[in-house]
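Breakdown of the fold
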Amino acid sequence: MKTSRHTRTADKTPRIRRGRRWIARRCTALIYNALRGAAYATGTGIVGLAFYLIQQQM
């Protein structure tokens, strides 16, 4: 069975290094998603505050 170059390279790397790269990718994804969630929450809070202030003026 013929393997791809990516598979052969991944098999030659030590298991610890592969684990660290996996953790680094997951950590990056976690930080990205947390930052995106914080941005959505901030926007939602600002819009909610604006509507609250508009209701208080009426």
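As a reminder, the structure under discussion sits directly above these lines.
Let me sum up the structure you'll find in this document. (Residues numbered from 1 in each chain as written. Predicted model: local features only at pLDDT ≥ 70, side-chain atom pairs only at ≥ 80, totals over all residues. Heavy atoms only, no water.)

1. Concerning a positive patch on the surface
A surface patch of like charges, here positive, comprises Arg 18, Arg 21, Arg 25 and Arg 26. With respect to the helices and strands, the residue Arg 25 is situated in helix α2 (residues 15-57). What makes Arg 25 partly exposed here is its relative accessible area of 48%. (Patch = residues over 30% accessible without salt bridge, like charges linked within 9 Å, V, L, I, M, F, W, Y side chains within 5 Å. Areas by Shrake-Rupley, 256 points an atom, 1.4 Å probe, with all protein chains shown as cover. Salt bridge = Lys/Arg side-chain N within 4 Å of Asp/Glu carboxyl O. Lys, Arg positive; Asp, Glu negative; His and termini not counted. Charge placed at Lys NZ, Arg CZ, Asp CG, Glu CD. Helix = DSSP H or I, 4+ residues; strand = E, 2+ residues; numbered from the N terminus. Buried < 20%, exposed > 50% of the residue type's maximum accessible area, 1.4 Å probe, protein only.)

2. Considerations on a nonpolar patch on the surface
A cluster of nonpolar side chains, namely Val 47, Phe 51, Ile 54 and Met 58, defines an oily patch on the protein surface of about 480 Å² accessible area. Among the structural elements, Val 47 can be located in helix α2.

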